[in-house]
Amino acid sequence: MTSEPIKWNFSSYTDNKGRTYIISYYNRWDPVKKQSRVAKRIHVGRLNSDTGEVSLSKSFLEANPNYVGEHVFYECNALVIRTESDAEAIKQEAQKDLDWRCDCVSFGLTYACWEVAKKSGILFNLNSVFGEEIGTELLRLAIYQLCSHSMAMQNYEDWLAMNYLPEASPLSSQKISTILAKVSQENIDQYFKLRHERVTEDHLKKVEEAKKQNLKLSPMMMAIDSTSISTWSETIDNASYGHAKQDDFLKQVNLTFCIDYFTGDLCYAYESEGSVNDMTLFADILLRMQSIGLDLGKTLLATDRGYASILNIQKMINCKLMFLTGMSLKEDSIKATIDRYKDSLNNPMFMNGKLGIYARTADTEKRTSTSDGVNDEHKVHLHLYHDAALGERQTIALMRDLQNILDKKIAHDTVDKKDWKKYSGFFFQNSKTQKWCLNATKVQNACKYHGYFAIRTNTIEDPFQSLIIYRERSIVESAFRQFKVLNESDRLYATGTTYKGKLFIYMLAQAIRMMMSVTASNHQPNAKVLPGDSFDKAMLQMQRLQASRPAGRGIYIVKEIPKKTRDLFETFKIPFPKKQIKD
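We now turn to the structure provided with this report. What you see is a predicted model; the values in this text were computed from it and never measured.

### A look at the pattern of salt bridges
Evaluation of the coordinates by the stated rule reveals 11 salt bridges. A salt bridge links Arg82 to Glu75; the nearest nitrogen and oxygen atoms lie 2.7 Å apart. Between Glu137 and Arg140 there is a salt bridge; the shortest N-O distance is 3.2 Å. Of this pair, Glu137 and Arg140 both sit in helix 5 (residues 132-147), separated by three residues, roughly a single helical turn. Assigned by exposure class, Glu137 and Arg140 land together as buried.

Set out below in structure tokens:
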């Protein structure tokens, strides 16, 4: 019998200086240890990671003369001989790929954002809805928007040359427009349905863990708010003239965010016509969320007074939803209730010293809803509040504005039209002396309810606990402030075919930022905190971490991570990066 020919295998390894080498080996069965063991290993040569070509060692060529003078490449764990023309084409293509990216790139911030998107499932959900290619590119564009402080999309490829994103390639403006045009309201809804399901599942796990420790966890809470985005575009269907606080000469679209209290994740977003106010819009938002399958039955919805109306309260009761809503004092019944309890709302025994707020609950209201012909009765708590310091500031601000106008009137100076439209009702001109004066009764009525406000809820009985939850709504207001900075000073530059995609990019960027901010704010007392308590400062510090590419290599070496950056990675619960990363 003749022995079987030896089967040589090929493998690669990288040393601590980042150099990659190819080795060849074969195995033999060890009858004692009863396993296959490496019998012999020889050095083949050094691998050019950019082209895949192997510089064969002298000893290997002496043992294998058939490779002398050939262009040998390492492909699929094997040595492959290429022709002269093929080898030159591969080298040129590799050089072309290397030319567009700098040898030293900013690494820390983009790495952190990418890891957050992976850990939170954003990348997985994007790929599930849009496919791996488009989903990954959408995430890259979102991180670009967040880390570049909202540069124009046309600058993406120039920015990418100086910043790390895994396996990214430059995109032309036309290619980016093509990607954005693939984003529709339907797949946006699919994406947010997946996000809401993930947040809900995570919260239920926390509830179960709390039960095991005999602790009670607050219900899942979602803050809802809207803002207007001005636009120059004439091709966006939902763009229309509305009640803009600035740039009223531009059309606008409305954008509603629904943000999870505990994680900062964006669970839903709704873009609508710019002329519709929040109060009218609210029923459509609820209908839309329910129609795409979002289960809101275990979620406390927190909204501000812009959404408050008797109809909206009844709508949430009919839908059997938990709610906590700031109320507008334009409702006469609320003013009457405040008048009835005004003594209590100025009594120190009704003040929470830590909050510095007076509060008490008015008589519990009873509302009914009808389901399948059966009338159900629901308790709704009306919590009343008085912030004396806030009331004083509001009165001072009003009187300052009125005094400025009065001085101008007396001096016969011109008063700004907007100011006069807002405050003209507070003034009158004496028919005899022609002197301008303040209307004392109207001033007193205007100041009567300064510092007073109210909250309605069917869930939280304690007024101070309700206030704490309501104040945490600042998470969505903070999101809008940051969103507008990302959105180039509140203005949307996009066409009708790409604007949904562009808004979606901004939403993704905002979700990543909010999750990182909330993760940092939930730190333990002895944990790391953000430098200067500023996320922007943290971003700049992480941006300083760089990675460099050795000449002729297709990998980057991450530079030594400073302690400040390591602390930030720990704060954001991000794993430290590997020393070597692929381009």
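### Focus on the packing of helix 4 (residues 122-130) against helix 5
Contact pair helix 4 / helix 5: the axes reach a minimum separation of 7 Å and the direction vectors enclose 135°. It follows from the interaxial angle that helix 4 and helix 5 lie oblique. With respect to the hand of their crossing, helix 4 and helix 5 are arranged in right-handed fashion. Across the interface between the two elements, Ile122, Leu123, Leu126, Asn127 and Phe130 from helix 4 touch Glu132, Ile134, Gly135, Thr136, Leu138 and Leu139 from helix 5. Tallied by class, residues from the contact of helix 4 with helix 5 come to seven nonpolar, three polar and one charged.

### What to know about the environment of Phe262
Counting through the fold element by element, Phe262 comes out in the loop between strand 9 (251-260) and strand 10 (266-273). Separated by 256 residues in the primary sequence, Phe262 and Val518 have C-alpha atoms spaced 7.5 Å apart.

### A word on unusual backbone geometry
Positioned with a positive phi, Glu167 is a non-glycine residue whose angle comes to about 55°. In this structure, Glu167 sits in the loop between helix 6 (156-160) and helix 7 (173-181). With relative accessibility at 65%, the residue Glu167 sits in the exposed group. A positive phi angle is found at Lys320, which is not glycine, with a value near 55°. Summarising the element assignment, Lys320 is placed in the loop between helix 10 (310-318) and strand 12 (322-327).

### A word on helix 15 (residues 463-471)
Looking only at helix 15, the buried set comprises Pro463, Phe464, Ser466, Leu467, Ile469 and Tyr470. For helix 15, the N-terminal cap is Asp462; the gap from its side-chain oxygen to the backbone nitrogen of Phe464 is 3.1 Å.

### With respect to the sheet that holds strand 3 (residues 35-47)
Taken in spatial order, the four strands of this open sheet run 1-2-3-4, and their pairing is antiparallel. At either margin of the open sheet sits one strand with a lone partner, and together these are strand 1 (9-14) and strand 4 (54-56). The mean angle between the axes of side-by-side strands here comes to 50°, regardless of whether they run parallel or antiparallel. Bridge count for strand 3 against strand 4 is three bridges, and the pairing is antiparallel. If you follow Arg46 over to strand 4, its bridge partner there is Ser55.

### Section: the pairing of strand 19 (residues 452-457)
With five of six residues buried, strand 19 is to be regarded as a mostly interior element. The sheet contact formed by strand 12 and strand 19 spans four bridges and is antiparallel. Looking at strand 19, one finds that Leu324 is bridged to Thr457.

### As for the packing of aromatic side chains
Overall, the coordinates contain 21 aromatic pairs when judged by the stated rule. A ring pair is formed by Tyr156 and Trp159, whose centres lie 6.4 Å apart and whose planes are at 25°; its orientation type is stacked. Placement of the pair is Tyr156 and Trp159 together in helix 6, with a separation of three residues, close to one helical turn. Like Tyr156, the residue Trp159 is buried in the burial classification. Lys409 extends its terminal NZ or CZ atom over the ring of Trp420, reaching a point 4.2 Å from the ring centre. Its end group placed over the ring of Trp436, Lys409 keeps NZ or CZ at 4.7 Å from the ring centre.

### Quick word on helix 5
For helix 5, built from 16 residues, the straight-helix expectation of 22 Å at 1.5 Å per residue is met to within 8% by its first-to-last C-alpha distance of 22 Å. Within helix 5, 14 of the 16 residues are buried, which leaves it mostly tucked inside the rest of the structure. With its phi angle positive at about 60°, His149 sits one or two positions after the end of helix 5.

### Let's talk about the packing of helix 4 against helix 8 (residues 185-212)
Where helix 4 contacts helix 8, the two axes come as close as 9 Å, and the packing angle between them is 145°. The chirality of how helix 4 crosses helix 8 is right-handed. Packed against helix 4, whose contacting residues are Ile122, Asn125, Leu126, Ser128, Val129 and Phe130, the element helix 8 presents Asn187, Gln190, Tyr191, Leu194 and Arg195 at the interface. For the contact of helix 4 with helix 8, the residue count by class is six nonpolar, four polar and one charged.

Cut-offs used in this document
Residues numbered from 1 in each chain as written. Predicted model: local features only at pLDDT ≥ 70, side-chain atom pairs only at ≥ 80, totals over all residues. Heavy atoms only, no water. Salt bridge = Lys/Arg side-chain N within 4 Å of Asp/Glu carboxyl O. Helix = DSSP H or I, 4+ residues; strand = E, 2+ residues; numbered from the N terminus. Buried < 20%, exposed > 50% of the residue type's maximum accessible area, 1.4 Å probe, protein only. Axes fitted to C-alpha atoms, helices over the stretch in contact; angles between N-to-C directions. Parallel < 35°, antiparallel > 145°, perpendicular 65-115°, else oblique. Left-handed = near helix turned anticlockwise from the far one by under 90°. Contact = heavy atoms within 4.5 Å. Nonpolar A, V, L, I, M, F, W, Y, C, P; charged D, E, K, R; others polar. Polar contact = N/O pair within 3.5 Å; in protein donor to acceptor, adjacent residues only side chain to side chain. Pairing = 2+ DSSP bridges. Phe/Tyr/Trp six-rings, centres within 6.5 Å; stacked < 30°, edge-to-face > 60°. Lys NZ or Arg CZ within 6 Å of the ring centre and 35° of its normal. Expected span 1.5 Å × (residues − 1).

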